[in-house]
Amino acid sequence: MTELSAYPPHDRWHDWHELDARAWPRKVERHYTLVPTTCFNCEAACGLLAYIDQDTGRIDRFEGNPEHPASRGRNCAKGPATLNQVDDPERVLHPLKRAGERGSGRWERIGWDRALDEIAARIRNALTEGRHHEVMYHVGRPGEDGYTDRVLKAWGVDGHNSHTNVCSSSARLGYQSWMGFDRPSSDFANAEVIFLISSHLEAGHYFNPHAQRIIEAQGKGATVICVDPRLSNTGSKADHWLPAWPGTEAFLLLAIARLLIEAGTWQRDFVRRWVNWQTFLAEEYPERPCEFASVEQALLDHYSEYTPERAEHVTGIAAGHIRQIAEVIGAHPGRFSSHNWRAAGAGNLGGWQVARCLFFLNVLTASVGTRGGTSGNGWNKFVPTAPKGAPPLGRWNELSWPPEYPLAHHEMSILLPHFLNEGRARLDTYFSRVYNPVWTNPDGFAWLEALKDPAKVGCHVALTPTWSETAWFADYVLPMGVGAERHDVASFETHAGRWIGFRQPVLRRYAQITGQEVDASSRTHQFNPGEVWEENEFWIDLSWRIDPDGSLGIRRWFESDERPGEPIGVDEYYGTMFAESVPGLAEAAATAGQSPLEYMRDRGAFAVPGDTYQPYERAIDEVAVAGCHRDELGVYRRPGTAGTFDGSPDAYVRTELAPLGDGSPAVEIDGERKEGFPTPSKKLELFSTTLKDWGWPEYSTPTWIPSHVHWEDLDLEGDERILLPTFRIPTLIHTRSANSKWLNEISHRHPLWIHPSDAEKLGIPPEGLVRITTRIGHFVITAWRTEGIRPGVVAASHHMGRWRTDGAKGRSWSGGRVEIVNDGSTWTMRRAEGMHPYPSDDADTGRIWWNDAGVHQNLAFCVQPDPVSGMQCWHQRVRVTPAEPGDRYGDVVVDTSRSREAYLEWLALTRPAPGPGGLRRPLWYARPLKPEASAYRLT
Ligand code: SF4
């Protein structure tokens, strides 16, 4: 029974025996049931196996699931730490309702029935009174594909709001402008050159699945290039570390692009076939012959200023090094794999052009959708269809999609407090879900002001697995499960291949395996700790109570087909989905002698069969283009299709708006019909007519936009510096790791990285206190001298600085207690105590040896939304000075009247809708909860 194996074989998961390492040197055998689920601690959704002790019925630990195609049995530290979140002595275990003033810390324990009835009554009133826009669902970590969209659609509410504009709006816009997909899917495993604009190896968007493939490729000889002003773990592991000045990355990339063209190592035939060069020539060089032979010189002229020597001045990277990088890239056509998500894209004004310029290198090297190249996310991410769902909405919520930002990739989430403040609307019922905007977003005190004001937010329901700075000011705190306590389906573009992962409440599944009754009337909170629930069943029950008699037309979307007149259960929902909409799953399940649902409950993930490389080259037959009009550029247009290019100012708009999803089916290339890309031209768009038509003609092609923190604009001889406040570390989650003792023991400090030369010049002693002065206030942090950062730049990880105002609640493992004083528009936060040991049901709380809880720096940042993408431009232009008398570590002082001034200044940079055709937004652009086309008219 003790043979060695990398992982327990699947056929023994229901009864796995092993020796208890903790009993050593005695040989004590333990019996476990292994239940698969997926991790919920970052966006990668790696596979986990819960080891459930058959003696106690409790989860003993989490390890990797070898059946998961993306994570392949491996996890980062945050995966196994799910156990800490399950067992955390201070987690929220029961539904709570506020019993005093908001933020007073007085709570009443209520049952789920009362919580559901009270919230449902509010929403029903709002809907029957036509106040649909007053219901909002604001999500931080979605961790699922489409479930909540389905709920909001059924309610008829355009109320989806997300965290995306503090994360990835810019990168998404950059990628979408090229290829119609808003995320890169990098085939790192097969790449020969890997280009990362981030600390991707330790904090990548799909951290563990990406990191293991990058390292494998490097082991096989791939060259890894990392652009980061900070010597991250990735920078130190890379073959080339390029610490460019923050905000100059696009310049660097365009200099490399120009060198590829100059050297003739660009892939002409790929560009000829798949890039909309005709439009580029017609728009930028109308006097030249519109033939491919004109393109090379046109590109050299277009990018004439991006010489290596000029790039050396702007970026700080030596011209010789830039030439060397270009040679490496040019020598590996088709095998250039790149990625940018947050980092420079999220830090800078114009950061969206970083992704656009990076993907330009993929285009020039013909590394698009190739083995070892970079694909569009839609080719590798697989989203199964929900069993049934309401049609698209006919409403448009300007609180999330304001007319000032027609091209914003996602909701203008960071501006919500300002919009409420200036009376654009109010919220009746506001759900925050796994989201902590008071702590995560910039301008946290503006959030606090809005959330405390019942005239702005009538009722705030926090759906959360943990206490948080935001939940503290809610009206209801409703405990939702972590990765081992909930159902979700998720799939991500982690590598060249499609898969789905199935998250499940492992103790519910264990009950089923051990023969306990689990049926359609069961609820997951009966199996989880306390009354911790999951959103799937919560939304079904809530919707049922909003529309108990079906008169609002909502109930039918939540009704069982198997048991008419009763609510649908999770088994029916996922059973139908897995049986009907996942290619190959029914066959694989039949081979295993199982139903598709049982197969997924048993394995936790499924690799969807099929080759995903270069789908744009797929042939399209005559049937698919029946009834289409073929335009002069070879694009087959369906009558009424959004995205029509007819060269007129009315481009993309037809008198009759198209049904959604009715894209052009094909493009003709060299006499053959091909699938192409989901862009208006069906090709890769070197020239974006959309950007031109919607008011940004100067940014139609890949371009460098000087950042709001461009170094040449700063007083570097004085005390001005660039602050990078965004970098992640591999062992913490944005806001939920406060509940993990292992993670906080490893990581609980975030000193300010500062180059020794800067520290000397600015009079900052080693480990000394530093005052960082921003546009709206200041904070006080300790310094860490390191040569691992470019002089002129300072940096602090964004994870730390968690706080609580109450002595007991929300303490967990990382929340220092603070006192907050409000005087007019001035807010002052001062640390009252750091971490210290305390007694609890977990003996480890008595062993807390660290005191530091960090500094909440985001509070001192104003909103800085990029006028095109809507992305918060996180980097800060700051003054770095020694702490002043009276300053204490952790102090934060902010004036929210100055944050409002800053908001108005950035708002003035926008170029509002309507765009062509009187529209709010280009019809072909992606949008969560995409409404029907008629809602796009700006009336
Ligand atoms: S990378 Fe780590 S935190 Fe993210 S899903 Fe995987 S194991 Fe969980």
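Preceding this section is the structure that the text describes.
Scoring rules and cut-offs
Residues numbered from 1 in each chain as written. Predicted model: local features only at pLDDT ≥ 70, side-chain atom pairs only at ≥ 80, totals over all residues. Heavy atoms only, no water. Helix = DSSP H or I, 4+ residues; strand = E, 2+ residues; numbered from the N terminus. Rg over C-alpha atoms; globule rule 2.2 N^0.38 Å. Buried < 20%, exposed > 50% of the residue type's maximum accessible area, 1.4 Å probe, protein only. Pairing = 2+ DSSP bridges. Axes fitted to C-alpha atoms, helices over the stretch in contact; angles between N-to-C directions. Contact = heavy atoms within 4.5 Å. Near = heavy atom within 4 Å. Nonpolar A, V, L, I, M, F, W, Y, C, P; charged D, E, K, R; others polar. Polar contact = N/O pair within 3.5 Å; in protein donor to acceptor, adjacent residues only side chain to side chain. Salt bridge = Lys/Arg side-chain N within 4 Å of Asp/Glu carboxyl O.

### Comments concerning the overall build of the protein
Piece 1. In terms of regular secondary structure, the protein is built from 28 helices and 34 strands.
Piece 2. The C-alpha radius of gyration of the protein comes to 27 Å, within 12% of the 30 Å expected for a compact globule of 939 residues.
Piece 3. With respect to the three principal axes, the spread of C-alpha positions in the protein is 75 × 75 × 65 Å.
Piece 4. Buried positions account for 65% of the 939 residues belonging to the protein.

### A few points about the pairing of strand S31 (residues 816-823)
Piece 1. As defined by bridge partners, strand S30 (residues 803-804) adjoins S31 across 2 bridges and the pair is classed as parallel. The residue of S31 that forms the bridge with Trp803 is Gly816.
Piece 2. The loop that links S31 with its antiparallel partner strand S32 (residues 826-833) comprises 2 residues; one of these, Gly824, has a positive phi angle of about 65°.

### Structural notes on the sheet that holds strand S11 (residues 223-227)
Piece 1. Reading across the sheet, the 4 strands line up as S12-S11-S10-S13 and stay open at both edges, with parallel pairing between neighbours. In the strand order of this sheet, the two ends are held by strand S12 (240-242) and strand S13 (336-339), each with one partner. Taking each pair of neighbouring strands and ignoring which way they run, the sheet shows an average axis angle of 15°.
Piece 2. In terms of strand pairing, S11 meets S12 through 3 bridges, oriented parallel. Paired with Cys226 across the two strands is Trp241, which belongs to S12.
Piece 3. On top of the sheet, helix H13 (residues 319-330) reaches strand S10 (193-196), S11, S12 and S13; it is set at about 130° to S12, its chief contact.

### What to know about the site of the ligand
Piece 1. Neighbouring the ligand are Cys39, Asn41, Cys42, Ala44, Ala45, Cys46, Asn75, Cys76, Lys78, Gly79 and Asn208.
Piece 2. For the shell around the ligand, the residue count by class is 6 nonpolar, 4 polar and 1 charged.

### Side note on the side chain of His748
Piece 1. Mapped onto the secondary structure, His748 falls in the loop between helix H26 (741-746) and strand S26 (752-754).
Piece 2. A polar contact of 2.7 Å, which involves the side chain of His748, links it to the backbone oxygen of Asn744.
Piece 3. From its side chain, His748 meets the backbone oxygen of Glu745 in a polar contact 3.4 Å long.
Piece 4. What His748 contacts, discounting residues up to four positions off in sequence, is Met800, Trp849, Trp850, Asp852, Ala853 and Gly854.

### Digging into unusual backbone geometry
Piece 1. Of note, the amide linkage connecting Trp24 to Pro25 takes the cis form, showing an omega dihedral of 15°.
Piece 2. Within the element layout of this structure, Pro25 appears in the loop between strand S1 (16-19) and strand S2 (29-38).
Piece 3. Of note, the amide linkage connecting Ala913 to Pro914 takes the cis form, showing an omega dihedral of 10°.
Piece 4. Examined against the element boundaries, Pro914 turns out to sit in the segment after helix H28 (896-907).
Piece 5. With a phi close to 45°, Ala343 is a non-glycine residue in the positive phi region.
Piece 6. Relative to the helices and strands, Ala343 is located in helix H14 (residues 343-347).
Piece 7. Judged by relative accessible area, which is 26%, Ala343 ranks as partly exposed.

### Some points on the pattern of salt bridges
Piece 1. If you walk through the whole model with that rule in mind, you get 79 salt bridges.
Piece 2. Here Asp475 ties to Arg98 by a salt bridge, and the two come within 2.6 Å at their closest N and O atoms. Of this pair, Asp475 sits in the loop between strand S16 (457-464) and strand S17 (476-479) while Arg98 is found in strand S5 (residues 96-98), placing the two residues 377 residues apart along the sequence.
Piece 3. When its relative accessible area of 6% is taken as the criterion, Asp475 is described as buried.
Piece 4. Judged by relative accessible area, Arg98 falls into the partly exposed class, the value being 29%.
Piece 5. Taking the shortest distance from any N to any O, the salt bridge between Glu598 and Arg509 comes out at 3.2 Å. One end of the pair, Glu598, is in helix H24 (residues 596-603); the other, Arg509, is in helix H20 (residues 506-513), with 89 residues separating them in the sequence.

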